[in-house]
Amino acid sequence: MTYQITDCRNLGSEELCAAMNTAFSDYDVPLSMTIDKFKDFQKQRGYSAEHSFVSMNGSGIAGFWLSSAPRPAFAGRGYAISVGTDPRHRRQGIVRTLFETVLEKQKSEGASGLQLEVITTNEKAVNAYRSFGFKTQRGLRVCKVPKSGLSNPDPNNLKLETLTLEDLPDDESNYFDAQPTPQNSRAALAALHDKIHLWGVRQDASLIGWAASYEDGSVAQIGVHKEHRRRGVGRALLSALGKSVGSGYLTFVNVDAASKNTNAFLDKAGAEDHVSQFEMHLSF
């Protein structure tokens, strides 16, 4: 078969969404993303048409590598948003060709490397990325916390309120034990600012913690200042998010598996593991 590589500047969300749904149609849980959801997906992850490429077979998309531009907040690395191949065009070397094209583009713009997430049990994909030079940076947990198990917080000395992104501190180092992955970053929240739930807790007018989720109940961030932990702040924030979203549970995507405090907190809240992922980096 003959394939032509092109960037995505002349492709609309409808075409890319259809290609993505097709690429993952034979997975254990087939993907079925709506156009609106896909557009949010693009915004949340920093999609750049100039840095994303497809392999065309005639007028159809045989494979794709969707990417962001180099991101200063992530040490200048480009972020691989989604990579996939139409099942009818697999084992043709499409992903490797797309990777080489993405690599050339990112290097030409001064990127320091690439990063992505991949499900740990997808051995073919993991091995492919390793063959490209990617190395595992950390393990990531994906879990769900049933809203039915969320306890009401102790209101003593806690002032819960809705926030805007402007209320959050520029320096997050005292609130997080690990850096959020790109789709949970401050930039991701800003991109979907009108579709997020953001709650905070203040003590003596100082912000001591916050939690943010998307409309579907996916929790992007929960941060509590190191000096105010184990005082019910996290439980209060989870309870507020639970009351804000319509789904029956809160989903935590890409929690650093090495973060003992965060994972102990989630386990205590009744977290149920869904899948695990690797965050992988390639340095130039």
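Residues numbered from 1 in each chain as written. Predicted model: local features only at pLDDT ≥ 70, side-chain atom pairs only at ≥ 80, totals over all residues. Heavy atoms only, no water.

Asks: I tried to follow the overall build of the protein on my own but got confused; where do I start?
Replies: When helices and strands are tallied, the protein shows seven helices and 12 strands. For the protein, the C-alpha radius of gyration of 20 Å lies close to 19 Å, the compact-globule estimate for 284 residues. Dimensions along the principal axes, computed over C-alpha positions, put the protein at roughly 65 × 35 × 30 Å. Per-residue burial for the protein yields a buried fraction of 49% across its 284 residues. In the protein, once contacts between residues fewer than 6 apart in sequence are set aside, the share between residues at least 24 apart is 73%. As presented, the protein carries roughly 14100 Å² of accessible surface, and 47% of it is formed by carbon and sulfur atoms. Positive and negative side-chain charges of the protein, numbering 32 and 32 respectively, have mean locations separated by a distance of 4 Å. (Helix = DSSP H or I, 4+ residues; strand = E, 2+ residues; numbered from the N terminus. Rg over C-alpha atoms; globule rule 2.2 N^0.38 Å. Buried < 20%, exposed > 50% of the residue type's maximum accessible area, 1.4 Å probe, protein only. Contact = heavy atoms within 4.5 Å. Areas by Shrake-Rupley, 256 points an atom, 1.4 Å probe, with all protein chains shown as cover. Lys, Arg positive; Asp, Glu negative; His and termini not counted. Charge placed at Lys NZ, Arg CZ, Asp CG, Glu CD.)

Asks: Got a minute to help me understand the side chain of Glu117 in this structure?
Replies: With respect to the secondary-structure elements, Glu117 resides in strand S5 (residues 113-119). Although Glu117 is buried, it makes no salt bridge; Arg45 carries the closest opposite charge, 6.0 Å away. Here Gln183 takes part through its side chain, which lies 3.4 Å from a polar atom of the side chain of Glu117. Looking at Glu117, its side chain comes within polar contact range of the side chain of Asn254, at 3.4 Å. Those residues in contact with Glu117, other than ones at most four positions away along the chain, are Tyr79, Leu140, Thr181, Pro182, Gln183, Asn254, Gln277 and Phe278. (Salt bridge = Lys/Arg side-chain N within 4 Å of Asp/Glu carboxyl O. Polar contact = N/O pair within 3.5 Å; in protein donor to acceptor, adjacent residues only side chain to side chain.)

Asks: Help me understand the nonpolar core in this model?
Replies: Note on soluble globular proteins: their nonpolar side chains tend to be buried together. By size, the foremost hydrophobic cluster in this structure holds 21 residues, and its most contacted members are Val145, Val233, Leu250, Phe252 and Leu266. The set of elements that each furnish at least two residues to this core consists of strand S6 (135-146), strand S9 (206-214), strand S10 (218-224), helix H6 (233-244) and strand S11 (249-256). The element that contributes the greatest number of residues to this core is H6, accounting for five residues. By size, the runner-up hydrophobic cluster in this structure holds 20 residues, among which are Leu98, Val102, Tyr129 and Leu282. (Core = buried A, V, L, I, M, F, W, Y, C linked by side-chain atoms within 4.5 Å.)

Asks: Would you take a moment to explain the pattern of salt bridges for this structure?
Replies: Oppositely charged side chains can pair when the atoms bearing their charge come close. Across all of its chains, the model carries 13 salt bridges by this definition. In this structure, the salt-bridge partner of Glu172 is Arg186, at a minimum N-O distance of 2.7 Å. Pair noted here: Glu172 is in the loop between strand S7 (159-162) and helix H5 (186-191) and Arg186 is in helix H5, with a separation of 14 residues, a long-range link. A relative accessible area of 24% means that Arg186 is categorised as partly exposed. The partner of Asp177 in a salt bridge is Arg229, with the nearest N and O atoms 3.0 Å apart.

Asks: I tried to follow the sheet that holds strand S12 (residues 272-283) on my own but got confused; where do I start?
Replies: Whenever strands of a sheet pair, they do so through backbone hydrogen bonds, lying parallel or antiparallel. Ordered by their spatial adjacency, 12 strands build an open sheet running S1-S2-S3-S4-S5-S12-S6-S11-S10-S9-S8-S7, and the pairing between neighbours is mixed. Lying at the two open borders of the sheet, with one neighbouring strand each, are strand S1 (4-7) and S7. Ignoring strand direction, the axes of neighbouring strands in this sheet form an average angle of 25 degrees. Across seven bridges, the pairing between S5 and S12 is antiparallel. The partner of Gly113 across the bridge, within S12, is Ser283. Helix H1 (residues 13-23) rests against strand S2 (53-57), strand S3 (60-67) and strand S4 (77-85) of the sheet, and its axis sits at about 100 degrees to S3. (Pairing = 2+ DSSP bridges. Axes fitted to C-alpha atoms, helices over the stretch in contact; angles between N-to-C directions.)

Asks: Would you take a moment to explain the packing of aromatic side chains for this structure?
Replies: Aromatic ring pairs are defined here through the distance separating the ring centres and the angle between the ring planes. The tally for this structure, following the rule as stated, stands at 11 aromatic pairs. Residues Phe38 and Phe41 carry aromatic rings whose centres are separated by 5.9 Å and whose planes lie at 20 degrees to one another, so their mutual orientation is stacked. Of this pair, Phe38 and Phe41 both sit in helix H2 (residues 35-45), three residues apart, which is roughly one turn of the helix. Phe41 carries the same exposure label as Phe38, and that label is buried. (Phe/Tyr/Trp six-rings, centres within 6.5 Å; stacked < 30°, edge-to-face > 60°.)

Asks: Explanation requested: the state of the cysteines in the structure shown.
Replies: By definition, a disulfide links the sulfur atoms of two cysteine residues through a covalent bond. This structure, assessed with the given rule, holds zero disulfides. For the unlinked cysteine Cys8, the closest cysteine sulfur is that of Cys17, found at 13 Å. The buried category is assigned to Cys8, whose relative accessible area is 1%. (Disulfide = S-S within 2.5 Å.)

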